[in-house]
Structure formats: C-alpha cells, structure tokens
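Structural characterization, general
Each chain is listed here by its residues.
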Amino acid sequence: MSKVVLISGASSGIGEATARVLAAAGHKVFLGARREDRLEALATEIGASYAPLDVTSRESFQSFVDAAVAEHGRVDVLVNNAGVMPLSLMDSLKVDEWDRMVDVNIKGVLNGLAAVLPLFTGGGGHVVNVASIGAHLVTPTAAVYCATKYAVWALSEGLRQERDDLRVTVISPGVTESELASTITEDYAASFMDEYRKNALPASAIGDAIAYAISQPESVDVNEIVVRPVATR
C-alpha cells in the first residue's frame, strides 16, 4: 500500500537515503529540510514533493505538515530524522552546541509530534523517530548527544504506551555515513570520531530498516530496530 511519508532532515544522509528507498518502493514522499536547493534537486530526481522546514520552529513544522496535507490529503507516516552531533568534552563547555542539540534533537522531535498527532486522533498513523546507538551506549565526547538520543527513545516509548491505535518505531543507527560529523568543532572529538567512523554503514541501510517498519501490516508495530555495522562490539 502506498503511504504518504513525511521526512525531516531529508536533504542529506539518512533522510535523503530514506527518501530514495521509500520513493523507489512506491510511497508518496514529502521532504523537509532547511537547504531548499538540495530538497528541490532530490525531489525532482525521485518524483517527490518538498517544503522548507526548520524543525526547531513549531510554526515551521506545522506549516510543513499542512503543506503535505494540502497536497496529498493525508499523512500516514512521519519520519522524525533531523539531527545534529557537534560532539565535545563536557569540560570544554560548548554550551551553545549543547543548546543546538537539545533544540534540534529533542525539541525538533516534539515539534513534529505536535504537528502530526492531531491528524492521528481517529486511529492509524505511524511515527518513526530516528534515535541512535547513542540512546543505548554513551561514549567519550558524546554525553550530551547521547542524552538527546535517549530522550528520543524515552519520548517514543512513552507515546507507544499512551496510544494503542498508533504505531511508534524507534530506529537506532550505529555509525552511519552522513554529514553529522561535519558539525564537530573540537579537535579531540573530531579525531575520536574519525577513528570511530572507519567502519560505517551506508545510509541506505537505515532507509531499508525504516521501509521494513512501515511496510508491516497495520496490526504489527515494530517498536525498535538497532542497526550496527557487523564489526561493532
């Protein structure tokens, strides 16, 4: 069954790869991100639609969802994917970067939920929140990032328990090819991540996991998928 799937952070990395996988599977994909030039190019290539989206703004997320409904008449799935990862040691006190992770990784997810949950009050609907292996394992320089991703896991689990007519899935990727590491400004953290990322998954592997979750029968809720490179301990 073709579904209307909204994807945040769709201009690169996991969001872009997921858009490609789902469009190829016949779903109607609606793309959102800040970089409209990339969105337009991707949408043209895969036959999707798009609207600008700043997930840190509740108004922007609402406008994004409204645009999708205006075009397709409904929303079946929201993939809350947008995220940032400017890792640093806690002692470095990069508090502006802490704030940015909280705004994008936590508040961005909440803004997405606030925009779509009213559409799902009659039952049905599927929320897919992209967390991280960092929701399960804390590593040096990643304390704040891991905290935000644990929050994504906790919000997802709480929502799942509150609703018996809504499917909720958490996707927790291990190290994956993306632009996330480009936001790291601390040399020590960047060096640590360079080593950590030597064995990375293609972003399409996460897109495939999301496609699996949303393709299940309506009575089946895939609650969580953890996707790691084989060599990861």
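If you're wondering where the values come from, they're calculated on a predicted model, not measured in any experiment.

Along the protein, the regular secondary structure elements total seven helices and seven strands. In the protein, the succession of helices and strands from N to C terminus is β-α-β-α-β-α-β-α-β-α-β-α-α-β. Over its C-alpha trace the protein gives a radius of gyration of 17 Å, about what one expects of a compact globule, namely 17 Å for 233 residues. On the principal axes, the C-alpha backbone points of the protein span a range of 50 × 40 × 35 Å. Sorting the 233 residues of the protein into buried and exposed places 51% on the buried side. Here the contacts in the protein between residues at least 6 apart in sequence split such that 69% fall between residues at least 24 apart. Of the accessible surface of the protein, which amounts to about 10600 Å², a share of 52% is contributed by carbon and sulfur atoms. Charge centroids of the protein, computed over 19 positive and 29 negative side chains, lie 3 Å from each other.

Strand order in the open sheet made by the seven strands is β3-β2-β1-β4-β5-β6-β7, with parallel pairing throughout. Edge positions in the open sheet fall to β3 (49-52) and β7 (224-227), since each of these has one partner strand only. Here the average twist between neighbouring strands, direction ignored, is 15°. The sheet strands contacting helix α4 (residues 95-116) are β4 (77-80) and β5 (126-130), and the helix crosses β4 at an angle near 170°.

Below, the discussion takes up the packing of helix α1 (residues 13-24) against helix α2 (residues 36-46). Put simply, α1 and α2 touch, their axes get as near as 10 Å, and they point 20° apart. By the angle between their axes, α1 is roughly parallel relative to α2. Crossing angle aside, the handedness with which α1 passes α2 is right-handed. Contact residues: α1 offers E16, A19, R20 and A23, while α2 offers L42, E45 and I46.

Let's shift gears to the side chain of S60. Among the structural elements, S60 can be located in helix α3 (residues 58-72). A polar side-chain atom of S60 sits 2.9 Å from the main-chain amide nitrogen of D54. Ignoring anything within four residues of it in the chain, the contact list for S60 reads P52, L53 and D54.

When the charged atoms of two side chains with opposite charge come close together, those side chains can pair. Under the counting rule described, the total for this entry stands at eight salt bridges. Residue R74 is joined to D76 by a salt bridge in which the shortest nitrogen-to-oxygen separation is 2.8 Å.

For the rest of this paragraph, the subject is the environment of V168. Here V168 is to be found in strand β6 (residues 167-173). It is 24 Å that separates the C-alpha atoms of V168 and V138, two residues lying 30 residues apart in sequence. If we ignore the near neighbours within four places in the chain, the residues touching V168 are H126, V127, S156, L159, R160, D221, V222 and N223.

Cut-offs and rules
- Residues numbered from 1 in each chain as written.
- Predicted model: local features only at pLDDT ≥ 70, side-chain atom pairs only at ≥ 80, totals over all residues.
- Heavy atoms only, no water.
- Helix = DSSP H or I, 4+ residues; strand = E, 2+ residues; numbered from the N terminus.
- Rg over C-alpha atoms; globule rule 2.2 N^0.38 Å.
- Buried < 20%, exposed > 50% of the residue type's maximum accessible area, 1.4 Å probe, protein only.
- Contact = heavy atoms within 4.5 Å.
- Areas by Shrake-Rupley, 256 points an atom, 1.4 Å probe, with all protein chains shown as cover.
- Lys, Arg positive; Asp, Glu negative; His and termini not counted.
- Charge placed at Lys NZ, Arg CZ, Asp CG, Glu CD.
- Pairing = 2+ DSSP bridges.
- Axes fitted to C-alpha atoms, helices over the stretch in contact; angles between N-to-C directions.
- Parallel < 35°, antiparallel > 145°, perpendicular 65-115°, else oblique.
- Left-handed = near helix turned anticlockwise from the far one by under 90°.
- Polar contact = N/O pair within 3.5 Å; in protein donor to acceptor, adjacent residues only side chain to side chain.
- Salt bridge = Lys/Arg side-chain N within 4 Å of Asp/Glu carboxyl O.

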